[in-house]
Amino acid sequence: MTTATLPTPAPASPEQATKDTNPRLTTPWRIVIGVLTVVGIVITMNQVYFWNLFGLSIPTNSFLYLVLAAFAPIVLIVSPLRAGDGARRGVPAYDILCIAVFMASSIWLALHGPDISYFGWSMVPPPLAQAISVVYWALVLEILRRAAGWIVALLALVVSLYPLVAGAIPVGFLQGIQYDFLTLASMHAMGGESILGLPLQTAANILVGFLLFGVVLQHTGGAAFFNDLATSLFGHFRGGSAKVSVTSSAAMGMMSGSAVSNVLTTGPMTIPTMIKAGFSPKTAGAVEATASSGGSITPPIMGTAAFLMVSFVGVPYTEILIAASIPAFLYFLGIYLQVDGYAAARGLKGIDKAQLPRTLPTLAHGWPYILALVALTAALLFAPSEAQVPFWVVGLLLVIAIVLPSVTFGVRELSDLLLEAGKTIGQIIGIIAGVGLILGGLSATGVSLSLSRDLVAIAGENVLFILIVGALACFVLGMGLTISAAYVFLAIVMVPALTALGVNPIAAHLFVIYWASVSYITPPVGLAAIAASGISGASAMGTSIEAMKFGAVKYIVPFAFVLNPGLVAQAPGQQIAFAFVTSVVSVFALGSCFTGYLQFVEARIGLFTRALLLVGGLLVFLPQVGVSAAGLVLILLGVAAGVVSKRRPARAHS
């Protein structure tokens, strides 16, 4: 086989990568988004740093209304009322009216935040507050529809209306406290368990800073650096172009946390390069989609749902970051090993070293981005307030970008950065505010407690049964909902059932996040696979099925860390180390099984050997020493069978 000599294409510049062609975003509206973004960030920093600007101490509910006033209207600016209106230039009058009404309502509610708390307006409001609550409820649903789609909005609408009929439902476990319409509207708009519930509180206090960090890291050159670094490190290995895709997509996933946007950002660079290097279009798209879908589970900047865990579990984000590290490593290790096996079985070589960027000069050029990630991680572990950390690192990156001659960062770049930050934060805040209606509907009626209690009764205290049911529920909800929406729903209904049976809370919540995110690569939806197939030219279904194989670890690891909490660092150090080592062996065995190629032995393997590795790999994942030992024996038998098969005359590979 000849060595591939095509270099990995250079990543697009920040201007090219983020240039927005949305006709609604004329220059005046770009300025509006920039101003709203700056105002929203200042409001957030004022709260997390306790500045008390102008001598004002802002109550929590007033702060949340102001964050909504700054960020949520950006969704109404960017997204049209109907898909067919997307080509219209500028923002139409009816959207301007909606924006004005929403901002005015938010500011009015913020000004009356103390009254809402002191006088219990969420249950006994004055007439004007009641009328504003109805309008606010409707506008939050519309913002959710534009940010996340009809399915999420309809679910939020149905669940938020559920308290109107909860007392009349004939099914026992669905019965709950019933409300009249106006009281329900007040509860949703002014109560502490609906729009202003735990998800929005977490997003406003913690998530805004981390989303801003991800955008700033990309726009100051981080995306280009991590792509160059991945190319220099892995490009010369066999199947190097795909390994670069895995590594760069993992890095981009850390910054964005979004599978589809990750595919659309890195895919145009990595997918054509993989195809030119000998990967089929279907496989190239599948590798990119699978690697990109790992963003929501990859520390230090995970997806939105991971930050929502902070409020539901009641632990610092640093603990979640540590807990998610081993599963994320196993996920990408599984993809890497399968890519390596695929390349080895087909004789695909790496890129000629002469065509690759050199590692040391790349590292020397990209020291600010490494410094930023190291500073972020270290500060999260040691700083007294994790909400303040990303803003400090953002400031560091901006100073470096302005001072460093090698980085182009002027007024135009700052404008693009603010636009992208506003769109990103606005969409997430809009989704979380709308998803809060689901939390509000279930909490107000008390149905969430009865659902989890009855789930335990049905399962007969069988943890594995609840896990299987939960995995199916996560997958089904993940097909139509955002990960954050699916997570909030199941964190209320299913996770309490798991924890009631003794499952570690962090493991239970991560289980939901993992299985909600598999829909990105799993038919019939597979949004990340569909996006990748649009770039590769392969069929969407074929790409999705191939992505399932490369992402197989993502289906298995959640069961493993629920049964073995050492994998999420919820055990003594010795148990964590043992779980990590055995899980690496397990991922190696499973990767060889799925590809039909045994690394290190460098041999193709048959069905019997693959079966040994599959069963052995699954057993090694379990925490019991005897079971793990039995699995290890099966893996060793599989390796021995691979050695024997290598000595036989190799059959031609079709």
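What you see is a predicted model; the values in this text were computed from it and never measured.

Enquirer: For the overall build of the protein, give the residues involved together with the corresponding values.
Expert: Across its full length, the protein holds 29 helices and two strands. Against the compact-globule benchmark of 26 Å for 654 residues, the protein has a radius of gyration of 25 Å, which places it among compact chains. Reported as C-alpha extents along the three principal axes, the dimensions of the protein are approximately 85 × 65 × 50 Å. Within the span of the protein, comprising 654 residues, buried residues form 58% of the whole. Of all intrachain contacts in the protein linking residues separated by at least 6 positions in sequence, the fraction that spans at least 24 positions is 77%. About 25,200 Å² of surface is accessible on the protein, with carbon and sulfur atoms providing 70% of the total.

Enquirer: Which residues make up the domain arrangement of the protein, and what values go with them?
Expert: Per the domain assignment, the segments of the protein are domain 1 (23-202) and domain 2 (572-647). Here domain 1 and domain 2 have C-alpha centroids that lie 51 Å from each other.

Enquirer: Just give me the short version of helix α27 (residues 573-595), but keep the residues and values in it.
Expert: Given a rise of 1.5 Å per residue, 23 residues ought to cover 33 Å, and the 33 Å separating the end C-alpha atoms of α27 matches this to within 8%. One or two positions beyond α27, positive phi appears at G596, with a value near 75°.

Enquirer: With reference to specific residues and values, describe the nonpolar core.
Expert: In this structure, L68, F213, L510 and F561 are the most contacted members of the largest nonpolar core, which totals 208 residues. Considering every element that reaches this core, the biggest residue donor is helix α9 (residues 198-234), with 16 residues. Looking at which domains feed residues into this core, each of domain 1 (23-202) and domain 2 (572-647) gives three or more. When neighbours within four sequence positions are excluded, F561 is seen to be in contact with P327, A507, L510, F511, Y514, L567 and V568.

Enquirer: How would you sum up unusual backbone geometry? Please name residues and give values.
Expert: The residue F50 is not glycine, and still its phi comes out positive at about 55°. With respect to the helices, strands and loops of the structure, F50 is situated in the loop between α2 (27-48) and α3 (60-78).

Enquirer: Kindly report on α9, identifying the contributing residues and their values.
Expert: With 37 residues, α9 should reach 54 Å at 1.5 Å per residue; the first-to-last C-alpha distance of 42 Å falls well below that figure. H219 marks the point of greatest bend in α9, at about 75°. Counting buried positions along α9 yields 29 of 37 residues, so the element is predominantly enclosed.

Enquirer: How would you sum up the environment of G113? Please name residues and give values.
Expert: Structurally, the position occupied by G113 is in helix α5 (residues 113-118). Along the sequence, G113 and V584 sit 471 residues apart, while their C-alpha atoms lie 52 Å from each other. Leaving out residues up to four positions away in the same chain, G113 has contacts with N61 and S62.

Enquirer: For the packing of helix α11 (residues 259-276) against helix α24 (residues 527-536), give the residues involved together with the corresponding values.
Expert: The interhelical angle for the contact between α11 and α24, taken along N-to-C directions, is 40°, at an axis separation of 9 Å. For α11 against α24, the interelement crossing comes out right-handed. Contacts from A259, V260, V263, L264, G267, P268, I271 and I275 in α11 reach L527, A528, A531, A532, I535 and S536 in α24. Here the residues of the contact of α11 with α24 are counted per class, giving 12 nonpolar, two polar and no charged.

Enquirer: Hey, could you go over the environment of G591 for me, with residue numbers and the actual values?
Expert: Checked against the element boundaries, G591 lands in helix α27. When its relative accessible area of 4% is taken as the criterion, G591 is described as buried. For G591 and Y336, which are 255 residues apart along the polypeptide, the C-alpha to C-alpha distance reads 8.9 Å.

Enquirer: Requested: an account of the pattern of salt bridges, with residues and values cited.
Expert: Under the criterion given, the structure shown has 10 salt bridges. Taking the shortest distance from any N to any O, the salt bridge between D95 and R24 comes out at 2.8 Å. Residue D95 is located in helix α4 (residues 93-111), and its partner R24 is located in the loop between α1 (14-18) and α2; the two are separated by 71 residues in the primary sequence. A relative accessible area of 1% means that R24 is categorised as buried. In this structure, E420 engages K423 in a salt bridge whose closest nitrogen and oxygen atoms are separated by 4.0 Å. Pair noted here: E420 and K423 are both in helix α18 (residues 411-445), with a separation of three residues, about one helical turn. Note on E420: relative accessible area 22%, which makes it partly exposed. Each of R24, D95, E142, R145 and R146 takes part in a single network of salt bridges with overlapping partners.

Enquirer: Report on the packing of α2 against α3, specifying residues and quantitative values.
Expert: It is at 10 Å that the axes of α2 and α3 come closest, and there the two elements cross at 160°. With respect to each other, α2 and α3 are oriented roughly antiparallel. Two packed elements cross with a definite hand, and for α2 against α3 that hand is left-handed. Mapping the contact onto sequence places W29, V32, I33, L36, T37, G40, I41, I43, T44 and Q47 in α2 and T60, F63, L66, V67, A69, A70, F71, I74, I77 and V78 in α3. Residues that form the contact of α2 with α3 fall into these classes: 15 nonpolar, five polar and no charged.

Criteria and cut-off values
Residues numbered from 1 in each chain as written. Predicted model: local features only at pLDDT ≥ 70, side-chain atom pairs only at ≥ 80, totals over all residues. Heavy atoms only, no water. Helix = DSSP H or I, 4+ residues; strand = E, 2+ residues; numbered from the N terminus. Rg over C-alpha atoms; globule rule 2.2 N^0.38 Å. Buried < 20%, exposed > 50% of the residue type's maximum accessible area, 1.4 Å probe, protein only. Contact = heavy atoms within 4.5 Å. Areas by Shrake-Rupley, 256 points an atom, 1.4 Å probe, with all protein chains shown as cover. Domains from an automatic or database assignment. Expected span 1.5 Å × (residues − 1). Core = buried A, V, L, I, M, F, W, Y, C linked by side-chain atoms within 4.5 Å. Bend = angle between axes of the 7 residues up to and from the residue. Axes fitted to C-alpha atoms, helices over the stretch in contact; angles between N-to-C directions. Left-handed = near helix turned anticlockwise from the far one by under 90°. Nonpolar A, V, L, I, M, F, W, Y, C, P; charged D, E, K, R; others polar. Salt bridge = Lys/Arg side-chain N within 4 Å of Asp/Glu carboxyl O. Parallel < 35°, antiparallel > 145°, perpendicular 65-115°, else oblique.

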